[in-house]
Amino acid sequence: MDKLMNSHWVMRVIALFMALMLYASVNIESAPSVNQPSTPLSQSPTADKATVTEVPVVTYFDQENLVVTGVTESVNVNLEGATSSLTKARQLRDFEVYADLTKLSIGTHRVKLKIKNLSEDLKASITPSVITVTIEEKVTKDFQVEVDFLNEDKLEEGYTPDQPIVNPNSIRVTASKELIDRISSVKAAVNLENAEETVNRESRITIYDSDGNILPVEVEPTVVDVTVPIKSPSKALPFKIIREGELKKGLSISSIEPDPKEITVFGPMDVLDKLEFIDGVTVDLSKIDKDTVIEVAVPIPEGIKKINPEKLKINVDVDEQEEKAFTDQEIKAVGLSEAKNLEFIEPETGTQDVKIYGASNVIKDIKSSDIELYINLSDLSDGEHEVDVEVNGPQNITWSLENEKVKVKISSAS
């Protein structure tokens, strides 16, 4: 057996046999089926067609110095080729339609769109395939921002917007010279509907031409902060100072001077219309023993939103008290019907003496005619009555009467 395996002729026969077996095996696997007709190479069974819509168009140009207009936003791409590649392209959309403007000069040009990053076994056509573009020099210019008030007519009655504050108050616009020259206004809009106090808003910048059309330009910043003070209805009112307590014995008020002399109140018109003055501004005289300035809070009337100022400064000067006497001051009657007669019983003269007290600078110029004595006879029937004597006189004085009451007789006219 060993001699047989060492024979060169035997080994050659075995090798030939194995080669014939391998050839037969390969030809059997690749032989066409008897029942399956052959397919020409030009008619691949996997070929297909499809359209990819709204493919964005990319432009290549000097974006730092130039502006391009006329580029269509998107196109349709018709694809044809192997189904597997076609499906991938439709799903991934990883190809790019572009316009190469890098070598074009300033002006208007017709440019053929191109496609890249598409599989080699796909054919493509672009619709539209040619676009008209205009290349212009890029211009940058600063513009002041104006504020548009929206729904100003829906503010409450009497409320009005004041001068708006815009931050920043100017913005930078970048565009072609042709668009820059068309800019008529740069605006930020603020809605004022039902506003009753200062409005603070972030507002987007919009650029308009003279016909009110919005211009497609580059803006920096695109949003600004707008503050609109809202002026509410107001009314300047006087106020009444109420004096509480008494000065120390021997002192009198020389003067009381408030600063300011009027208070501005803010609120709805129907509330303002009913107000004539502010009451309740109080000064405690018992705490004052020398010239002083006190700060007093101003009460806010019901229905009022705000007052200005909220506190008053009241300058109070005091001095040594002095006395002045007036004799036989007439006592006047008020409230007596025309059909009635009046008779003074006590005092019969219908007069009495009165003393006034005050600082020297206050009482020195007061005359007899500045002091009024009166009795109120309203709603009194016929007969005798004791009534209080009332005194009217200048401010910052006090007084004493010879008699606090008088006796009178009322009768019907005959």
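The numbers attached to residues start from 1 for each chain and follow its sequence in the written order. Residues qualify for local features only when their pLDDT is at least 70, as the model is predicted, and side-chain atom pairs are given and counted only at 80 or more; totals for whole chains, interfaces and linings, by contrast, use all residues. Calculation of side-chain values draws on the structure's entire complement of heavy atoms; hydrogens and water are dropped beforehand.

Caption draft 1: Highlighting the overall build of the protein chain. Strands here are runs of E lasting at least two residues and helices are runs of H or I lasting at least four, both read from the DSSP assignment and numbered beginning at the N terminus. Assigned secondary structure in the protein chain consists of six helices and 32 strands. Burial classes follow relative accessibility: with a 1.4 Å probe on protein chains only, a residue under 20% of its type's maximum area counts as buried, one over 50% as exposed, and anything between as partly exposed. Here the protein chain holds 414 residues, and the buried ones make up 31% of them. Residue contacts follow a heavy-atom distance rule, with two residues in contact if any of their heavy atoms lie within 4.5 Å. Within the protein chain, contacts between residues separated by at least 24 positions form 71% of all contacts whose residues are at least 6 apart in sequence.

Caption draft 2: Broad picture of the pattern of salt bridges. Here, a salt bridge means any side-chain nitrogen of Lys or Arg that lies within 4 Å of a carboxyl oxygen of Asp or Glu. Overall, the coordinates contain 14 salt bridges when judged by the stated rule. Residue Lys305 is joined to Glu196 by a salt bridge in which the shortest nitrogen-to-oxygen separation is 3.3 Å. Of this pair, Lys305 sits in the loop between β23 (292-297) and β24 (306-308) while Glu196 is found in the loop between β13 (185-191) and β14 (199-208), placing the two residues 109 residues apart along the sequence. Lys305 gets classed as partly exposed once you look at its relative accessible area, which sits at 49%.

Caption draft 3: Fine view of the layout of surface pockets. Considered as a void within the structure, the largest pocket measures approximately 440 Å³ in volume. Only protein atoms enter the calculation, which uses a 1 Å grid: trapped sets of points that fit a 1.4 Å probe without letting it out are cavities, open sets showing protein on both sides within 12 Å along at least five of seven lines are pockets, and any residue with an atom within 4 Å of a point is a lining residue. Lining the largest pocket are 19 residues, with Arg243, Leu285, Asn396, Ile397 and Thr398 positioned closest to its centre. A per-element tally of the lining of the largest pocket places strand β20 (residues 251-259) first, with three residues. Grid points are joined across faces, edges and corners, and a volume is the space filled by probe spheres set on the points.

Caption draft 4: The arrangement of helix α3 (residues 83-92) in detail. Listed in full, the buried residues belonging to α3 are Ser85, Leu86 and Ala89. Each buried residue of α3 sits inside an arc of 100° when the element is viewed along its axis, so together they form one side. Turned more than 90 degrees from where α3 packs its buried face, Ser84, Gln91 and Leu92 sit exposed. Contact partners of the buried residues in α3: β1 (47-60), β3 (74-82) and β7 (122-127). Arg93 sits one or two positions beyond α3 and adopts a positive phi of about 45°. Within this analysis, the arc is defined by the directions that extend from the helix axis to the C-beta atoms.

Caption draft 5: Layout of the packing of aromatic side chains. We call Phe, Tyr and Trp rings a pair once their centres come within 6.5 Å, taking the six-membered ring for Trp, and we label the pair stacked below 30 degrees between planes, edge-to-face above 60, and tilted otherwise. All chains considered together, the criterion is met by one aromatic pair. Taking 5.9 Å as the distance between ring centres and 80° as the angle between the ring planes, the aromatic pair formed by Tyr60 and Tyr98 counts as edge-to-face. Pair noted here: Tyr60 is in strand β1 and Tyr98 is in strand β4 (residues 96-100), with a separation of 38 residues, a long-range link. Owing to a relative accessible area of 31%, Tyr60 belongs among the partly exposed residues under this scheme. The lysine or arginine in question, Lys116, covers the ring of Tyr98, its NZ or CZ lying 5.1 Å from the ring centre. Positioned over the ring face of Phe266 is Lys306, at 5.0 Å from the centre of the ring. The criterion for a charge sitting over a ring is simple: Lys NZ or Arg CZ within 6 Å of the ring centre, and within 35 degrees of the ring normal.

Caption draft 6: The sheet that holds strand β26 (residues 340-346), seen in detail. When DSSP finds at least two bridges between two strands, those strands are taken to pair. Within the open sheet, the three strands sit side by side as β26-β32-β29. Their pairing is antiparallel. Edge positions in the open sheet fall to β26 and β29 (383-388), since each of these has one partner strand only. Between one strand axis and the next, the sheet turns through 35° on average, direction left out of account. Where β26 and strand β32 (residues 405-412) come together, six bridges link them in antiparallel fashion. Its bridge partner lying in β32, Lys340 is registered against Ser412. Axes here mean lines fitted to C-alpha atoms, for a helix over just the part in contact, with angles spanning 0 to 180 degrees between N-to-C directions.

Caption draft 7: Representation of the nonpolar core in the model. In this structure, Ile171, Ile205 and Ile207 are the most contacted members of the largest nonpolar core, which totals 27 residues. Elements supplying a minimum of two residues to this core: β12 (170-176), α4 (177-182), β13, β14 and β16 (223-228). Those residues in contact with Ile207, other than ones at most four positions away along the chain, are Ile171, Val173, Ile183, Ser185, Val186, Asn213, Ile214, Leu215, Val217 and Val219. Counting 24 residues, the second largest nonpolar core, distinct from the first, contains Ile263, Leu285, Ile307 and Leu312. Nonpolar cores are built from buried Ala, Val, Leu, Ile, Met, Phe, Trp, Tyr and Cys residues. Side-chain atoms within 4.5 Å join them into one set.

Caption draft 8: Quick peek at the sheet that holds β16. With mixed pairing, the five strands of this open sheet are ordered in space as β9-β13-β14-β16-β11. On the outer flanks of this sheet lie β9 (146-150) and β11 (165-167), each paired with one strand and no other. Taking each pair of neighbouring strands and ignoring which way they run, the sheet shows an average axis angle of 35°. Where β9 meets β13, five bridges bridge the pair, whose relative direction is parallel. Across the sheet, Phe149 pairs through a bridge with Val190, a residue of β13.

Caption draft 9: Representation of the confidence of the model for the protein chain. pLDDT measures how confident the predictor is about each residue, on a scale from 0 to 100. When the pLDDT values of the protein chain are averaged, the result is 87; 89% of them are 70 or greater. Predicted confidence is poor over residues 1-5, with pLDDT under 50, and the contacts of this stretch with residues over four places away or in other chains come to two contacts. This stretch, residues 26-45, has a pLDDT under 50; its non-local contacts, to residues over four places away or in other chains, come to zero contacts.

Caption draft 10: Representation of the side chain of Thr59 in the model. Residue position: Thr59 is located in strand β1. Note on Thr59: relative accessible area 19%, which makes it buried. The contacts of Thr59, once residues within four sequence positions are left out, are Val71, Ala99 and Leu101.

Caption draft 11: Here's a closer look at unusual backbone geometry. The omega torsion of the bond from Asp259 to Pro260 falls at 0°, within 30 degrees of zero and hence cis. The omega torsion across Glu346 and Pro347 is 0°, close enough to zero to call that bond cis. As for its position among the elements, Pro347 is in the loop between β26 and β27 (351-359). One non-glycine residue with positive phi stands out, namely Glu54, at about 50°. For Glu54, the location among the structural elements is in strand β1. In this model, Asn396 sits at a positive phi of 70°, which is unusual for a non-glycine residue. By secondary structure assignment, the location of Asn396 is in the loop between β30 (390-392) and β31 (398-401).

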